[in-house]
Amino acid sequence: MTVIFGLLGAVAFVTPYLPSSPTAQIDIQNLQVGIYEYGGSWNEFAFALMDVDADLTSLFNWNAKQLFVTIVAEYESMTHDTNQVVIWDIVIRSKEDAHIALKQVRNKYNFHDITPSLSGLNATYSLHWDIMPHVGGLRNGVIKAIKGIKFPAPENEPPM
């Protein structure tokens, strides 16, 4: 039993030092803003259409059980210095599925701010990953994929 625990401890210790070189490209093809009623008030929601090309195969090794991958939009607003919104995610369970090549994919989750307005703000988009190992602690990383894209003015007006 002691030998097994020793081996598991060695695996947990060595795994973070294994080399990896993940790559990602996120191209925002279309970014639209619309005004919708939410929580009794009118708020701006963004809708992103994007191409995602990421090669995360180097993150898989003998201790990687699965990857949790998200695309995060980050921006500054008048009330908060840092805002981060997860707009898309996927769970990858094998090395064979670790190359993501998606065209014209929409954000999966509501894309809105705590304040009612997004228009005029600049957002950067990045791919975040978390490795869930068989043994040991979680590891994570970020691939900054695209620089600031300005939110356009809303395409509709709230009804009066």
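Our subject is the structure listed above.
To start, this report covers the structure provided alongside it. Keep in mind that this is a model prediction, so the values were computed, not measured. (Residues numbered from 1 in each chain as written. Predicted model: local features only at pLDDT ≥ 70, side-chain atom pairs only at ≥ 80, totals over all residues. Heavy atoms only, no water.)

1. Topic: the overall build of the protein
Right, on to step 1. When helices and strands are counted, the protein shows one helix and seven strands.
Right, on to step 2. Order of helices (α) and strands (β) in the protein, N terminus to C terminus: α-β-β-β-β-β-β-β.
Right, on to step 3. Residue pairs at least 24 apart in sequence account for 67% of intrachain contacts in the protein once pairs closer than 6 positions are excluded.
Right, on to step 4. Accessible area for the protein stands at about 9400 Å²; split by element, carbon and sulfur atoms hold 56% of it. (Helix = DSSP H or I, 4+ residues; strand = E, 2+ residues; numbered from the N terminus. Contact = heavy atoms within 4.5 Å. Areas by Shrake-Rupley, 256 points an atom, 1.4 Å probe, with all protein chains shown as cover.)

2. Quick word on the pattern of salt bridges
Right, on to step 1. Per the counting criterion, the structure on display carries two salt bridges.
Right, on to step 2. With a closest N to O distance of 4.0 Å, K144 and E74 form a salt bridge. One end of the pair, K144, is in strand β7 (residues 139-150); the other, E74, is in strand β3 (residues 64-75), with 70 residues separating them in the sequence.
Right, on to step 3. The exposure class of K144 is exposed, given its relative accessible area of 60%. (Salt bridge = Lys/Arg side-chain N within 4 Å of Asp/Glu carboxyl O. Buried < 20%, exposed > 50% of the residue type's maximum accessible area, 1.4 Å probe, protein only.)

3. Thoughts on the sheet that holds strand β5 (residues 99-106)
Right, on to step 1. With respect to topology, three strands assemble into an open sheet ordered β1-β2-β5, the strand pairing being antiparallel. The two strands at the open ends of the sheet, each matched to only one other strand, are β1 (23-38) and β5. Averaged over neighbouring strand pairs, the angle between their axes works out to 25 degrees when direction is ignored. (Pairing = 2+ DSSP bridges. Axes fitted to C-alpha atoms, helices over the stretch in contact; angles between N-to-C directions.)

4. Regarding the side chain of E44
Right, on to step 1. With respect to the secondary-structure elements, E44 resides in strand β2 (residues 41-55).
Right, on to step 2. Buried charge without a partner: E44 forms no salt bridge, and the closest opposite charge is K150, 12 Å away.
Right, on to step 3. Within the local environment of E44, its side chain forms a polar contact with the backbone nitrogen of L118, the two atoms lying 2.7 Å apart.
Right, on to step 4. Setting aside its immediate chain neighbours within four residues, E44 contacts V33, G34, I35, F111, H112, P116, S117, L118, S119 and P154. (Lys, Arg positive; Asp, Glu negative; His and termini not counted. Polar contact = N/O pair within 3.5 Å; in protein donor to acceptor, adjacent residues only side chain to side chain.)

5. Comments concerning unusual backbone geometry
Right, on to step 1. The backbone phi angle of Q104 is positive, close to 55 degrees, even though this residue is not glycine.
Right, on to step 2. With respect to the helices and strands, Q104 occurs in strand β5.

6. Here we look at the environment of S117
Right, on to step 1. For S117, the position within the fold is in the loop between β5 and β6 (122-133).
Right, on to step 2. Residue S117 is classed as partly exposed on the basis of its relative accessible area of 35%.
Right, on to step 3. Taking C-alpha positions, S117 is 10.0 Å from G34, a pair spaced 83 residues apart along the chain.
Right, on to step 4. Separated by 3.5 Å, the side chains of S117 and E44 make a polar contact.

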